[in-house]
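Observations on the model geometry
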Amino acid sequence: MRRSSFIAAALAAVLAAGGAAAQDYPNRPIRLVVAFAAGGTTDFVARQLADKAKASLGQNIVVENKPGANGAIGAEYVAKSEPDGYTLFFSTAGALAINPSMRADLPYDSLKDFTPVSPIARNTVLFAINPTLGINSASELVARAKEKPGTITVAITGVGAISHLSVEMLQTAAKIKLQPVPYRGAGQAVADFIGGQLNAMSAEVPVLIGQIKAGKAKILAVSAQQRSDVLPDVPTFAELGYADVVADNWSAVLGPAKLPPAVVARLNTAFNAVVKDPEVHRKFADNGVSTVGGTPADLTDLIARETARWRKVVKDTGVKAEH
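These lines cover the structure that appears in this document, whether it is placed above or below. (Residues numbered from 1 in each chain as written. Predicted model: local features only at pLDDT ≥ 70, side-chain atom pairs only at ≥ 80, totals over all residues. Heavy atoms only, no water.)

1. A look at the pairing of strand E10 (residues 249–256)
Buried residues dominate E10, accounting for eight of its eight residues. Relative to E10, strand E3 (residues 87–92) runs antiparallel, the two sharing four bridges. Bridging across to E10, Phe90 finds its partner in Val253. Sheet analysis places strand E4 (residues 114–123) next to E10, joined by eight bridges and oriented antiparallel. Looking at the pairing, Ser118 lines up with Val253 of E10. (Buried < 20%, exposed > 50% of the residue type's maximum accessible area, 1.4 Å probe, protein only. Helix = DSSP H or I, 4+ residues; strand = E, 2+ residues; numbered from the N terminus. Pairing = 2+ DSSP bridges.)

So, in structure tokens, the structure goes:
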């Protein structure tokens, strides 16, 4: 009896300590691990979120970039961190849905090794051409590609990247052959595209928004389920008859598995307040990003649904992961 009473008392003390820690959260700076390089769209959104959420949380949120392997390096790091709320993961569909669809050797499971906190934002993938190509619509692009298969070069930001998968889906849906040219990141790809070395580019809206506004790139369509609220006049490929060409990217915040519910609730409230802020909405829109927000359950459903969808895309297109 004494032993069982002692164990029960000890367990109660541990639970009470955990509850007190959650109530006191956060009492020191939080690390927000970004699975991609500094200076990109994902990094921009993460830094805006971190800057705005610190007032509500009462602590600084320090962004730490851990790029590589389409987000897998940062994902593994967070998955193996303590579930205390002081190491969080900011990532996109790349690490959470596309990687699991392409690789069987991932050191993490997107659903089992993380605690969903909140969806944050959405980016649309666009297909743009160099104005000198003399093509004015997606239908003209398809006609040219059928007339001269494999001659239209398209910059993509990496093998297996969402920009690459978007091109593969278009080729499958329209029964055409383009010539994807992979780059390691967007910087040099944009320079070569604008410089005329490449005919076209598939990229998320923020990557080319500056060149679009300057008239240096012409958008033919976006690979999305619905028109972008940032580019409302640009049609979707679905509208043009290619319903399966959907490559919306999205970003979200997660923690390691077994993050305390009270911590999740605190973070979710803070992050949703940020994405609903009119100033944040404007800043995101100026950079081609749409705010989303939502519940942990919304994020769980999004990851599961998108992983299943990308698995089908990878199977249908035959795209292989780059090692």
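2. Observations concerning the pattern of salt bridges
Applying the stated criterion across every chain, the model contains 15 salt bridges. Of the charged contacts in the structure, one is a salt bridge between Glu279 and Lys52, with a shortest N-O distance of 3.2 Å. Taken as a pair, Glu279 in helix H10 (residues 278–286) and Lys52 in helix H2 (residues 41–57) lie far apart in primary sequence, 227 residues in all. For Glu279, a relative accessible area of 33% gives the class partly exposed. The residue Lys283 makes a salt bridge to Glu279 at a minimum N-O spacing of 3.7 Å. Here Lys283 and its partner Glu279 are both found in helix H10, four residues apart, which amounts to about one turn of the helix. (Salt bridge = Lys/Arg side-chain N within 4 Å of Asp/Glu carboxyl O.)

3. A word on the sheet that holds strand E8 (residues 200–204)
If you walk across this open sheet you meet the five strands as E7-E6-E8-E5-E9, and the pairing is mixed. Strands at the two margins of the open sheet, each flanked by one partner only, are strand E7 (179–182) and strand E9 (218–223). Neighbour to neighbour, the strand axes of the sheet diverge by 25° on average, direction disregarded. Sheet topology note: the strand E6 (residues 153–156)/E7 ladder contains four bridges and is parallel. Pairing of Thr153 across the sheet is with Gln179, part of E7. (Axes fitted to C-alpha atoms, helices over the stretch in contact; angles between N-to-C directions.)

4. Here's the deal with the packing of aromatic side chains
Overall, the coordinates contain five aromatic pairs when judged by the stated rule. Taken together, the ring pairs connect Phe89, Tyr108 and Phe114 into an aromatic cluster. Over the aromatic face of Tyr86 sits the side chain of Arg28, whose NZ or CZ is 3.7 Å from the ring centroid. The cationic tip of Lys66 hangs over the ring face of Tyr77; the distance from NZ or CZ to the ring centre is 4.3 Å. (Phe/Tyr/Trp six-rings, centres within 6.5 Å; stacked < 30°, edge-to-face > 60°. Lys NZ or Arg CZ within 6 Å of the ring centre and 35° of its normal.)

5. Brief notes about the packing of helix H4 (residues 93–102) against helix H11 (residues 296–317)
Where H4 contacts H11, the axes come no closer than 8 Å and their chain directions differ by 40°. Considering their axes alone, H4 and H11 lie oblique with respect to each other. In this structure, the crossing between H4 and H11 has a hand that is right-handed. Contacts between H4 and H11 pair Leu96, Ala97, Ile98, Pro100, Ser101 and Met102 from the former with Ile303, Glu306, Thr307, Trp310, Arg311 and Val314 from the latter. Of the residues contributing to the contact of H4 with H11, the split by class is eight nonpolar, two polar and two charged. (Parallel < 35°, antiparallel > 145°, perpendicular 65-115°, else oblique. Left-handed = near helix turned anticlockwise from the far one by under 90°. Contact = heavy atoms within 4.5 Å. Nonpolar A, V, L, I, M, F, W, Y, C, P; charged D, E, K, R; others polar.)

6. Topic: H4
Burial within H4 is extensive, with 10 of its 10 residues counted as buried. Buried residues along H4 sit in contact with helix H3 (72–79), E3, helix H6 (162–174), E10 and H11.

7. Concerning unusual backbone geometry
Trans peptide bonds make up the majority, and among non-glycine residues the majority have a negative phi. In this structure, Pro26 follows Tyr25 across a cis peptide bond, with omega equal to -10°. Even without being a glycine, Ala69 presents a positive backbone phi close to 55°. Turning to its location among the elements, Ala69 is positioned in the loop between strand E2 (61–65) and H3. Residue Ala69 is classed as partly exposed on the basis of its relative accessible area, which comes to 43%. Residues other than glycine seldom take positive phi values, yet Asn70 does so here, at roughly 55°. Relative to the helices and strands, Asn70 resides in the loop between E2 and H3.

This is a description of form; function is not addressed.
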